[in-house]
Amino acid sequence: MVMSLASSSPLRGLRVLDFSRVLAGPWCTMLLGDAGANVIKLERTGTGDDTRSWGPPFLGKDGQHLTKPSSISDSISTYFLSVNRNKQSVAVDMKKTEGQEICYRLATEWADVIVENFKVGTMERLGLGYDTLQHQNPGLVYCSITGFGNTGPLSTRPGYDVIISGMYGLMSITGDEHGDPAKVGVAITDILTGTLAKGGILAALHERHHTGLGQRVDTSLMETQLASLVNIASSSLNAPPNSPPPKRRGTGHESIVPYQTFRCKTPHAIDSTTRDEYIVVGAGNDMQFQKLCQVMNLPTVASDKRFATNAGRVAHRSELNGLLESKFQEKSRDEWVALLEGKGFPMGPVRTVPESFQCEQAIHREMTMKMDHPLAGIVSVPGSPVKYSGGLLAEALGGTQQQENSYCLPPPMLGEHTKDILTEVLKMDPAEIEHLVTGSVVECWQK
């Protein structure tokens, strides 16, 4: 059956048709789904979203860990799991006329919002461009996410996150000061683009309340990347002529010192997994710097005129960091955290990913979501970072976040909801659906 979230969801009743794949678009539509929108994810037959095959790791039946799945129908990648909950999957061949007709009907008869991230011109060639659809569905909000924007000399060029981060500044300021350009550990430009796309969609929907009309929302990885350089971009754009470009600072900050990680004393070796440990500290103002020196018992550093102001600390970055590095190596990470805790100073341990999800605060905020997947059984995914004062679905489910999480739809198998959508939304009878399946226009997954 066609699923929708409970009546207390903030975006209850909103219908989103998701043509996107990989990360930026699926992240956007998952955020909408988390807030209660009804999301139908259209995927190509045979392979589905690219990330279904991105692995290992993969999960098989009942959570079996796989390194090389035999087919899309008997496994699911953990990458796909991360950004595709609260969606229903329809597998359709959009290269075929009948497949295009299914997409067209869903777009004109059902959808409030479309999200797509094909190369510029692809949707138009399929007869699914904004200008075509808005004539039949004038209230449609149509969001296009591209690499470089819908116009301009590079508009038709494909773009992945890593390409954009290299071309538009992020790699040049990421990594060790004396090392090579580096990528961020996750595709942060994709994530930011999807988040901004969600905001643009909601703004367009708000405008629709006043005018009754939808519009096209156009965003790109390139524009997101440039805008998200924020203070680094501002300093560069306003620099004197012939100034050197901003440089890599490792974990340090261009304009604040100290504001980085420091290696601590290595714990006594327990086994082969023992590793170096780090603490991260950030002195955003002079008072915080003085507190740090006081707790660390560095009176001469605190009174040194070179370090009295942030500007002075930036000018004497190397000298100050050298003094702090030596001091931090006198104690272990956990010892420093215990010493600095509660002193009004921003700091924390540098944790691994497993440690991050297992820490007390992440557990309290329920940032691990358990879901009952139709193939893999109980799986874990990152929880929603947004909580509502009434609680998403709280009224319907009794008020606790854990109950709310249990209500969410798990990431779907390819074509898991094809038959339901064709039957309940497009009102097709079994003979019509069988014809489409036999003709390889659609695919239906069965457990």
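Treat the numbers as computed from the prediction; the structure is a model and nothing was measured. (Residues numbered from 1 in each chain as written. Predicted model: local features only at pLDDT ≥ 70, side-chain atom pairs only at ≥ 80, totals over all residues. Heavy atoms only, no water.)

Tracing the chain through its elements places Ser77 in strand β5 (residues 76-77). Residue classification places Ser77 among the buried residues on the basis of a relative accessible area of 0%. Excluding anything up to four places from it in sequence, Ser77 contacts Thr51, Arg52, Trp54, Pro57 and Phe58. (Helix = DSSP H or I, 4+ residues; strand = E, 2+ residues; numbered from the N terminus. Buried < 20%, exposed > 50% of the residue type's maximum accessible area, 1.4 Å probe, protein only. Contact = heavy atoms within 4.5 Å.)

Attention now goes to the pattern of salt bridges. Under the counting rule described, the total for this entry stands at 17 salt bridges. The salt bridge partner of Asp34 is Arg85, with a shortest N-O separation of 2.8 Å. Highlighted residues: Asp34 in helix α1 (residues 24-34) and Arg85 in the loop between α2 (78-82) and β6 (88-92), separated in sequence by 51 residues. Under the relative-accessibility criterion, Asp34 is labelled buried at 6%. Notably, a salt bridge pairs Arg306 with Asp304, separated by 2.8 Å at the nearest N-O pair. For Arg306, a relative accessible area of 34% gives the class partly exposed. One connected set of salt bridges, linked through shared partners, spans Arg15, Asp112 and Arg208. (Salt bridge = Lys/Arg side-chain N within 4 Å of Asp/Glu carboxyl O.)

In this structure, Ala182 sits in the loop between α6 (161-167) and α7 (188-211). For the pair Ala182 and Glu98, spaced 84 residues apart in sequence, the C-alpha separation works out to 45 Å. Ignoring any residue separated from it by four or fewer positions in sequence, one finds Ala182 in contact with Met171, Thr174 and Gly175.

What follows covers the confidence of the model for the protein. Averaged over every residue, the pLDDT of the protein is 91; residues scoring 70 or more account for 93%. Every residue in residues 392-406 scores below 50 in pLDDT, and together they form 29 contacts with partners more than four places removed in sequence or on other chains. (pLDDT = per-residue confidence, 0-100.)

A word on the sheet that holds strand β4 (residues 65-66). One open sheet holds the 3 strands; their spatial order is β4-β3-β5, and the pairing between them is antiparallel. Every interior strand has two partners, whereas the edge strands, β4 and β5, have only one. Here 2 bridges tie strand β3 (residues 58-59) to β4, and the two strands are oriented antiparallel to one another. Residue pairing in the sheet places Phe58 in a bridge with Leu66 of β4. (Pairing = 2+ DSSP bridges.)

It is worth spelling out the packing of α1 against α7 at this point. In contact at an axis separation of 7 Å, α1 and α7 are set at 50° when each is read in the N-to-C sense. Viewed along their axes, α1 and α7 adopt a mutual orientation that is oblique. Handedness of the α1/α7 crossing: right-handed. Packed against α1, whose contacting residues are Ala24, Trp27, Cys28, Leu31 and Leu32, the element α7 presents Asp190, Ile191, Thr193, Gly194, Thr195, Ala197, Lys198, Ile201 and Leu202 at the interface. When the residues that make up the contact of α1 with α7 are grouped by side-chain class, the tally is 9 nonpolar, 3 polar and 2 charged. (Axes fitted to C-alpha atoms, helices over the stretch in contact; angles between N-to-C directions. Parallel < 35°, antiparallel > 145°, perpendicular 65-115°, else oblique. Left-handed = near helix turned anticlockwise from the far one by under 90°. Nonpolar A, V, L, I, M, F, W, Y, C, P; charged D, E, K, R; others polar.)

All right, on to the sheet that holds strand β12 (residues 347-349) then. Within a sheet, adjacent strands bond to each other through the backbone by hydrogen bonds, running parallel or antiparallel. Reading across from one edge, β10-β11-β12 is the order of the 3 strands in this open sheet, with antiparallel pairing throughout. What marks the edges here is a single partner per strand, and that holds for β10 (259-263) and β12. Neighbour-to-neighbour, the strand axes of this sheet turn through a mean angle of 20°, independent of strand direction. Bridge count between strand β11 (residues 278-282) and β12: 3 bridges; the pairing is antiparallel. Paired with Val281 across the strands is Met347, a residue of β12.

Turning next to the nonpolar core. By size, the foremost hydrophobic cluster in this structure holds 31 residues, and its most contacted members are Leu17, Phe19, Leu42, Ile102, Leu106, Ile114 and Leu422. Only β2 (38-43), β6, α3 (97-110), α5 (130-136), α19 (418-424) and α20 (430-438) provide two or more residues apiece to this core. At 5 residues, α3 tops the list of elements feeding residues into this core. Those residues within four positions of Ile102 in sequence are excluded, and the remaining contacts are Val92, Leu422, Leu426, Met428, Leu436, Val441 and Val442. Within the second largest apolar cluster, 24 residues are counted, among which are Leu14, Val16, Val39 and Ala197. (Core = buried A, V, L, I, M, F, W, Y, C linked by side-chain atoms within 4.5 Å.)

This part takes up the packing of aromatic side chains. Here the structure, examined in full by the defined rule, presents 5 aromatic pairs. Judged by centre distance (5.2 Å) and plane angle (90°), the ring pair of Trp54 and Tyr79 falls under edge-to-face. Placement of the pair is Trp54 in the loop between β2 and β3 and Tyr79 in helix α2, with a sequence separation of 25 residues. Seen from their ring centres, Phe328 and Trp336 are 5.1 Å apart, and the 70° between their planes marks the pair as edge-to-face. Here Trp336 falls in the buried class, since its relative accessible area comes to 1%. When the ring centre of Phe289 is taken as reference, the NZ or CZ atom of Arg313 above it lies at 4.5 Å. (Phe/Tyr/Trp six-rings, centres within 6.5 Å; stacked < 30°, edge-to-face > 60°. Lys NZ or Arg CZ within 6 Å of the ring centre and 35° of its normal.)

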